[in-house]
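Residues per chain are reported as follows:
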Number of protein chains: 2
Amino acid sequence: MKMNCLVAQSGGPTAAINASLAGVIKGVQDSDKYDKIYGSIHGIQGVLRNKTIDLTGKDQDFINNLIKTPAMYLGSCRFKLPDMADNKDIYEEIFNFFNTMNIGAFFYIGGNDSMDTVAKLSKYATSIGSNILIAGVPKTIDNDLIETDHTPGFGSAAKYIATSIREIAYDTYIYDVESVTIIEVMGRDAGWLTAASALARTNFSKAPHLIYLPEVAFDKEQFISDLQSLLPTTRNIIVAVSEGIRDKDGNYLSATEAAADKFGHAQLSGTGKCLENLVKERLGVKVRSVEVNVLQRCAGHMTSKTDLDESFNLGYSAVKFTEDGNSAFMTSIVRTSDAPYSCEIKFTPVANVANKAKEVPRQWINQEGNDVTADMITYLSPLVKGEVDTNYKDGITSYLDISHLI
Amino acid sequence: MKMNCLVAQSGGPTAAINASLAGVIKGVQDSDKYDKIYGSIHGIQGVLRNKTIDLTGKDQDFINNLIKTPAMYLGSCRFKLPDMADNKDIYEEIFNFFNTMNIGAFFYIGGNDSMDTVAKLSKYATSIGSNILIAGVPKTIDNDLIETDHTPGFGSAAKYIATSIREIAYDTYIYDVESVTIIEVMGRDAGWLTAASALARTNFSKAPHLIYLPEVAFDKEQFISDLQSLLPTTRNIIVAVSEGIRDKDGNYLSATEAAADKFGHAQLSGTGKCLENLVKERLGVKVRSVEVNVLQRCAGHMTSKTDLDESFNLGYSAVKFTEDGNSAFMTSIVRTSDAPYSCEIKFTPVANVANKAKEVPRQWINQEGNDVTADMITYLSPLVKGEVDTNYKDGITSYLDISHLI
């Protein structure tokens, strides 16, 4: 008898995670080994609550729309699986569910914390001698997963951020008044997204003129000095800054507002506002801070074709790798060439990935710590390329019906 | 001898104001009456500083790219022309410049304050018996100019806001946790842009569930009560709120942060943040505020074709109207039918428009003051329709070179 598959999504949304889901669905549909593909609603919690939907019969039209639909068709969760030693019951409950549904392979699409779940479930499967295969499909706009050249969702977010900053530069250049515009970009610990702001530059505009990443200690005095050096030649200065910049002692700029989420990560906000006040006080020029809002992770209206294609392939390939009997892995991207850009989809042991983070290498940040290097641009450039035809209805972007989540 | 024309842009940027500029340039190019078309850099200040550029020979490729380029190709200013009685010299200086350049018609593309300049220059021209024709071309994302069905730039901003809110709703619906998301939209005195958030609704999603405009006094207790009524049936509530909402005594919610700009308008920020704190304190649910940032006025990557077409025609027609000898007017849009949508370009005496504002009529807001009516939707719907092919280069939106402003 053919086995079934189960897929779920977890963590923060991206504009590309549904493309990976589409890849998994299509992979199972094309498979001779597997029968049905179920989706678990709200991540692994759907398993614990017996909330799944059957995705087996979805047609190509659905797949095409799913690829372009932002956020998560199956919903998400922020659920940290306890250690086996602390709560074996929950693992038994999950594997009982797998057995009842005749699941042969489980695919979890997510980031760092989701790969922790994949690693734990794999370890449990081994410990009980289960043949159920557990696979991770990467996802995060932050691009901070190790063992993969880059992560799905990053390219689309990077494209959105670079485009937004270019457009904000157009907005800013119109006034004949000295100004500083501070643009705050997501990225708690890794500066990849903020680095992507460099792609906003053109042959006539150097905006963003300054870029600050969390990988280099932020010094307020140096920042003011950087602005002072630029002002005589640059009327309208655009600064891209990561929400996660901190001083040499590791204190976030907006530390007073920091609280911790379930995974112990600090919730940041107000870095741009904090710098806005600093500039107002010290330089007295016109200053504005702009927070690139949640659209940087869910702007289905502007995605990178490269990103969506790769995201689909990472999901599709995950199914193929399990068909060969592999488990406890995360699919990954191996870059084989920068120009022309090419890459291969491979897989890596998930234990290598879980709970680790990839920071921007220091040598891809300039010596002064206020810009990125040409190597970074070479790395980033291919990831944002290619446009996807967005569906519009009555003038507004139109995506798949997600009433099952509402 | 044929006369020349001069054009300038003023006020805040929009994604459509360059389409009106393109219309003026094309109108002059097609004219038998006019010879050259000059552009004044940084609004009327370019006249006072003798900073103009010759736009006469620009080809169709330039015109096509100009239509799609956001913000202001000629730059802007926030310059309030003094009253004639207070400073006659400045008027003499301006008209001397006009005469030196052999200007037969001056076109000023802008909003409320710019129409004040048009009215004052027209009045001065009459007072000295000058034959120079002065014309206004409307522009403002706020849609608050009277004597025109709607304003250029509004449709594109409305499309951006509705799309953003729809995408933020997708982002929000993924979590199985009660939440309130407050989205702050521009609009100091008029709620048109915030009203456009209603276009984000689909046949399965009612987001935004609540809409608050500045035209109705905002009551914090009523707001909390509105949320409490919804929470039992609506897990993820999305609220659209204008930056300009104020209480029954006319105090802005974020009044402590209010300062005045050169025209005496209060500078607002933090309305969403203020409500976020209120909800956190009173309801204890997960809450987030999102400020739709300056992209709502400069997102060249997502414009309304209806808006850009009309903006072009308003500029083009302004030239034609002056060819017939008209002066002291603003071109305007007269709607002739809602469905199918049709409108005509006419003109109206600029004195009727200057320094007046068009608020949302009370009957287009529901009785409870927390939503808009079907009549509002009928009015708004055609304005966001149609998409424009954005130019992308290396994955990022690509617009005209504006190095003359930098």
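Residues numbered from 1 in each chain as written. Chains lettered and ligands numbered in written order. Predicted model: local features only at pLDDT ≥ 70, side-chain atom pairs only at ≥ 80, totals over all residues. Heavy atoms only, no water.

Novice: Quick question: what am I supposed to make of the sheet that holds strand β3 (residues 52-54) of chain B here?
Specialist: Strand pairing in a sheet relies on backbone hydrogen bonds, with the paired strands running either antiparallel or parallel. All names here are of chain B. Across the sheet, which stays open at both edges, the seven strands sit in the order β3-β2-β1-β4-β5-β12-β13 with mixed pairing between neighbours. The sheet terminates laterally at β3 and β13 (341-349), the two strands that pair on one side only. Across the sheet, the mean angle separating the axes of adjacent strands is 30° when strand polarity is ignored. Sheet topology note: the strand β5 (residues 133-138)/strand β12 (residues 329-338) ladder contains two bridges and is parallel. Within the sheet, the bridge partner assigned to Gly-136 lies in β12 and is Met-330. Contacts from helix α5 (residues 112-127) reach β4 (103-110), β5 and β12 within the one sheet, and its direction differs from that of β5 by about 165°. (Pairing = 2+ DSSP bridges. Helix = DSSP H or I, 4+ residues; strand = E, 2+ residues; numbered from the N terminus. Axes fitted to C-alpha atoms, helices over the stretch in contact; angles between N-to-C directions. Contact = heavy atoms within 4.5 Å.)

Novice: Looking at this model, I keep getting lost on the interface of chain A and chain B. Mind explaining?
Specialist: Much of the literature gives interface size as the accessible area that the parts lose upon coming together. Taken residue by residue, the interface counts 62 residues in chain A and 62 residues in chain B. Interface area for chain A against chain B, summed over the two sides, is near 5,200 Å², with a carbon-plus-sulfur share of 60%. The three residues of chain A that bury the most area against chain B are Glu-167, Tyr-170 and Ile-174 of chain A, which together make up 14% of that side's buried surface. Linking chain A with chain B are four salt bridges, by the criterion used here. As a salt-bridge pair, Arg-297 of chain B and Asp-171 of chain A come within 2.7 Å of each other at their nearest N and O atoms. If you look at where chain A meets chain B, you find 32 residue pairs in polar contact (both at pLDDT 80 or more). Only α6 (154-173), β11 (286-291), α10 (295-298) and β15 (396-397) of chain A provide two or more residues apiece to the side of chain A that touches chain B. The element contributing the most residues to the side of chain A that touches chain B is α6 of chain A, with eleven residues. (Buried area = accessible area lost by both parts, 1.4 Å probe. Salt bridge = Lys/Arg side-chain N within 4 Å of Asp/Glu carboxyl O. Polar contact = N/O pair within 3.5 Å; in protein donor to acceptor, adjacent residues only side chain to side chain.)

Novice: Would you take a moment to explain the packing of helix α4 (residues 88-100) of chain A against helix α5 (residues 112-127) of chain A for this structure?
Specialist: The relative placement of two packed helices is expressed as an angle between their axes plus a distance between the axes. Residues and elements named next belong to chain A. At a closest axis distance of 11 Å, the pairing of α4 and α5 adopts a crossing angle of 80°. Relative to α5, the element α4 is oriented roughly perpendicular. Residue-level inspection shows Lys-88, Tyr-91, Glu-92, Ile-94 and Phe-95 of α4 in contact with α5, the latter providing Lys-120, Leu-121, Tyr-124 and Ala-125. Here the contact of α4 with α5 is composed, by residue class, of six nonpolar, no polar and three charged. (Parallel < 35°, antiparallel > 145°, perpendicular 65-115°, else oblique. Nonpolar A, V, L, I, M, F, W, Y, C, P; charged D, E, K, R; others polar.)

Novice: For this particular structure, what's the right way to read unusual backbone geometry?
Specialist: Negative phi characterises most residues that are not glycine, and trans characterises most peptide bonds. In this chain, Ala-207 of chain A is followed by Pro-208 of chain A through a cis amide linkage whose omega measures 0°. In this fold, Pro-208 of chain A is placed in the loop between α7 (192-195) and β7 (210-212). A positive phi angle, close to 55°, is found at Asp-394 of chain B, a residue other than glycine. Taking relative accessible area as the criterion, Asp-394 of chain B reaches 47% and is therefore assigned partly exposed. (Buried < 20%, exposed > 50% of the residue type's maximum accessible area, 1.4 Å probe, protein only.)

Novice: I'm lost on the packing of aromatic side chains in this one. Help?
Specialist: Any two aromatic rings considered together are summarised by their centre-to-centre distance and by the angle between their planes. Residues and elements named next belong to chain A. Summed over all chains, the structure comprises 36 aromatic pairs over all chains. On the numbers, 5.5 Å between centres and 45° between planes, the contact of Phe-218 with Phe-223 is tilted. For the pair shown, Phe-218 and Phe-223 are each scored as buried. Within the aromatic cluster, the residues linked to one another by ring pairs are Tyr-91, Phe-95, Phe-98, Phe-106, Tyr-108 and Tyr-124. (Phe/Tyr/Trp six-rings, centres within 6.5 Å; stacked < 30°, edge-to-face > 60°.)

Novice: Looking at this structure, how should I read the relation of the copies chain A and chain B?
Specialist: Between the two copies of this chain, the relationship is a rotation about some axis together with a displacement along it. After a rotation of 180° and a shift along the axis of 0.0 Å, chain A superposes on chain B with an RMSD of 0.0 Å. Given the turn and translation reported, the copies of this chain are related as if by a two-fold rotation axis. Taken together, the interface assignments show that 100% of the residues at the interface of chain A recur at the interface of chain B, consistent with an identical surface on both copies. (Least-squares fit on C-alpha atoms with pLDDT ≥ 70 in both.)

Novice: Any chance you could explain the pairing of strand β6 (residues 179-185) of chain A here in plain terms?
Specialist: For a regular strand, side-chain orientation follows a simple rule: the groups alternate between the two sheet faces. Residue and element names in this part refer to chain A. The buried count for β6 comes to seven of seven residues, which makes it a mostly enclosed element. Here β6 shows no split at all, with Ser-179, Thr-181, Ile-183 and Val-185 on one side and Val-180, Ile-182 and Glu-184 on the other all buried. Bridge count between β6 and strand β8 (residues 236-242): seven bridges; the pairing is parallel. Opposite Ile-182, over in β8, you have Val-239 as the bridge partner. As defined by bridge partners, β6 adjoins β11 across six bridges and the pair is classed as parallel. By the bridge assignment for β11, Ser-179 is matched with Lys-286.

Novice: Sorry if this is basic, but what is going on with the pattern of salt bridges here?
Specialist: For side chains of opposite charge, pairing can occur when their charged atoms come near one another. All names here are of chain A. Here the structure, examined in full by the defined rule, presents 40 salt bridges over all chains. In this structure, Glu-276 and Lys-273 form a salt bridge, with 3.5 Å as the shortest nitrogen-oxygen distance. Remark: Lys-273 and Glu-276 occur in helix α9 (residues 271-283); sequence separation between them is three residues, near one turn of the helix. With a relative accessible area of 8%, Glu-276 lands in the buried category. With a relative accessible area of 37%, Lys-273 lands in the partly exposed category. What emerges from the salt-bridge pattern is a single network uniting Lys-80, Asp-83, Asp-116 and Lys-120.

Novice: Before we go on, may I ask you to explain the packing of helix α1 (residues 17-29) of chain A against helix α3 (residues 60-68) of chain A in this structure?
Specialist: Residue and element names in this part refer to chain A. For the pair α1 and α3, the least separation of the axes is 7 Å and the interaxial angle reads 155°. As summarised for this structure, α1 and α3 are arranged roughly antiparallel, according to the angle between their axes. Taken together, the residues of α3 that come into contact with α1 (itself represented by Asn-18, Ala-19, Leu-21, Ala-22, Ile-25, Lys-26 and Gln-29) are Gln-60, Phe-62, Ile-63, Leu-66 and Ile-67. Within the contact of α1 with α3, the residues separate by chemical class into eight nonpolar, three polar and one charged.

Novice: Is there a simple way to think about helix α11 (residues 305-323) of chain A in this case?
Specialist: One turn of the α-helix equals 3.6 residues, which is why residues spaced by three or four share an orientation. The end-to-end C-alpha separation of α11 of chain A is 27 Å, in line with the 27 Å expected for 19 residues at 1.5 Å each. Gly-325 of chain A occupies a position one or two residues after α11 of chain A and carries a positive phi of about 90°. (Expected span 1.5 Å × (residues − 1).)

Novice: Looking at this structure, how should I read the side chain of Thr-163 of chain A?
Specialist: Mapped onto the elements, Thr-163 of chain A comes out in helix α6. Other than its neighbours up to four places away in sequence, Thr-163 of chain A contacts Met-302 of chain A together with His-301, Gly-395, Ile-396 and Thr-397 of chain B.

Novice: Please explain the side chain of Thr-117 of chain B as it appears in this structure.
Specialist: Residues and elements named next belong to chain B. Residue position: Thr-117 is located in helix α5. Thr-117 gets classed as buried once you look at its relative accessible area, which sits at 2%. Leaving out residues up to four positions away in the same chain, Thr-117 has contacts with Phe-79, Leu-81 and Tyr-108.

Novice: Please clarify how the confidence of the model for chain A should be interpreted in this entry.
Specialist: Detail in the predicted coordinates should be disregarded across regions flagged by low pLDDT. Residues and elements named next belong to chain A. With 96% of its residues at a pLDDT of at least 70, chain A reaches an overall mean of 94. Overall, residues 255-268 carries pLDDT values under 50, and its contacts beyond four positions in sequence, including any with other chains, amount to 27 contacts. Under the prediction, the complex receives an ipTM of 0.95, its pTM being 0.96. (pLDDT = per-residue confidence, 0-100.)

Novice: Any chance you could explain the pairing of β12 of chain B here in plain terms?
Specialist: All names here are of chain B. For β12 and β13, the ladder comprises nine bridges, and the chain directions are antiparallel. Its bridge partner being in β13, Thr-331 is matched across the sheet by Phe-347. Between β12 and β13, which pair antiparallel in sequence order, lie two residues.

Novice: Quick question: what am I supposed to make of the sheet that holds strand β4 (residues 103-110) of chain A here?
Specialist: Residues and elements named next belong to chain A. One open sheet accounts for seven strands, arranged β3-β2-β1-β4-β5-β12-β13; its pairing is mixed. Of all the strands in the sheet, just β3 (52-54) and β13 (341-349) have a single pairing partner and so form its edges. Between one strand and the next, the sheet's axes are offset by a mean angle of 30°, whatever the strand orientation.

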